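# Structural features, examined
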Amino acid sequence: LQTMSGNEDDWLALKPQEPSPSQCCGSGCKPCIYDVYEKELAQWERARAKQDKSLLMEKKEQSNNSELNPDTFTPFSISSVEQLTEDTYQYKFELPGNGSLRLSLGQHIVLRGMVSGLEVQRAYTPISPGNAEGYFEVLIKCYEAGLMSQYIKTWKKGDIVFWRGPFGGFPYRPNKHGELLMLASGTGLAPMLPILQSIADNEEDETFVTLVGCFHTFDKIYLKPLLQDLARYWNIRIFYVLSQETSLEKLPWSYQENTYIGRLNEDLMKTIINSCRRRPFVLICGSSAFSEDMSRYLKAVGIDENSYFVF
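Residues numbered from 1 in each chain as written. Predicted model: local features only at pLDDT ≥ 70, side-chain atom pairs only at ≥ 80, totals over all residues. Heavy atoms only, no water.

- For the chain, the name recorded in an unreviewed UniProt entry is cytochrome-b5 reductase, with Ceuthmochares aereus as its organism.
- In its Cofactor (unreviewed entry) section, UniProt records this for the chain: "FAD".
- Quoted verbatim from the Sequence similarities (unreviewed entry) field of UniProt, the annotation for the chain is "Belongs to the flavoprotein pyridine nucleotide cytochrome reductase family." (UniProt positions renumbered as here; feature names shortened; annotations may be inferred.)

This is the structure we're talking about:
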């Protein structure tokens, strides 16, 4: 009997752990971490019933693969860390053998972090083009009290980080919409960039784009050189809404005519929509409060739910 109970402890040690609510990123991933858990649990129960541990091996082999995968986490190495503002960083990850993540536009990937023994998961959208070879880049804002932020703040070049995906995304097709209006708050800029980049890179795509970036101050605008480059295209306009700046005079003159001071409210929304060349399809990304406000303002100016998409 002794060997049997020792064996039982072995099996319990191998049992997959049920995810805690903090591990679910809440982005409606398919499969969700809970789906993955159910699958692993069923696999464990089968192996235990047959008393055959080799049946648990398949999932171990899978995660050594260097390709991104929705079911298991894959290790990627950090090749550079760049601080953009006091709390926002751009991380570059290596893809072995000039591989590509092959993301559709606006798709996100899920990061796994360990913080004081707790596993946490969060979704982020790479800002690099989906077909970028040999690397991908992610824009991350670190929060003082954020669990995941405590983990991310320790990252340095050469560290190994685990991702799975891709998930979600906005099914963008060239020339499907006459005009896209992108409303982005802070790092909500991330899913907009691959779409903007693909429109700029495709001469056949004649979609007009109006990007409205909401930030606290001029210094907090991320990736200014990239945005300035994109704004030079004939079909791309970029506006900034700065909630904590006091006057336009302090800004470089090249920013003064396309920047608003204050918040993006219903009146400003009306002004921006009226300045669009065609009736826009709207993309929204930011905090849940930002998304709710934007949906409300859009409704007020007569844009219905079928005409916008929230990341």
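## Quick look at unusual backbone geometry
- Here the amide bond leading from G165 into P166 is cis, since omega sits at 0°, within 30 degrees of zero.
- When you line up the elements, P166 lands in strand β6 (residues 160–167).
- If you check the backbone angles, N98 has positive phi at about 55° while not being a glycine.
- Note that N98 resides in the loop between β2 (88–94) and β3 (108–115).
- The exposure class of N98 is exposed, given its relative accessible area of 54%. (Helix = DSSP H or I, 4+ residues; strand = E, 2+ residues; numbered from the N terminus. Buried < 20%, exposed > 50% of the residue type's maximum accessible area, 1.4 Å probe, protein only.)

## Some points on the sheet that holds β2
- Within the open sheet, the six strands sit side by side as β4-β3-β6-β1-β2-β5. Their pairing is antiparallel. If you trace the sheet from one side to the other, it starts and ends with β4 (118–124) and β5 (135–141), each paired once. Across the sheet, the mean angle separating the axes of adjacent strands is 40° when strand polarity is ignored. (Pairing = 2+ DSSP bridges. Axes fitted to C-alpha atoms, helices over the stretch in contact; angles between N-to-C directions.)

## As for helix α9 (residues 288–300)
- With 13 residues, α9 extends 18 Å between its outermost C-alpha atoms, agreeing within 8% with the 18 Å of an ideal straight helix rising 1.5 Å per residue.
- Listed as buried for α9 are F290, S291, M294, S295, Y297 and L298. Within α9, the buried residues cover an arc of 165° as seen down the axis, which keeps them to one side. Opposite the packed face of α9, turned more than 90 degrees from it, sit the exposed residues S288, E292 and K299.
- At its buried positions, α9 is contacted by β7 (179–185), β8 (208–215), α8 (266–275), β11 (280–285) and β12 (308–310).
- G302, located one to two residues past α9, shows a positive phi value of around 90°. (Expected span 1.5 Å × (residues − 1). Arc of directions from axis to C-beta. Contact = heavy atoms within 4.5 Å.)

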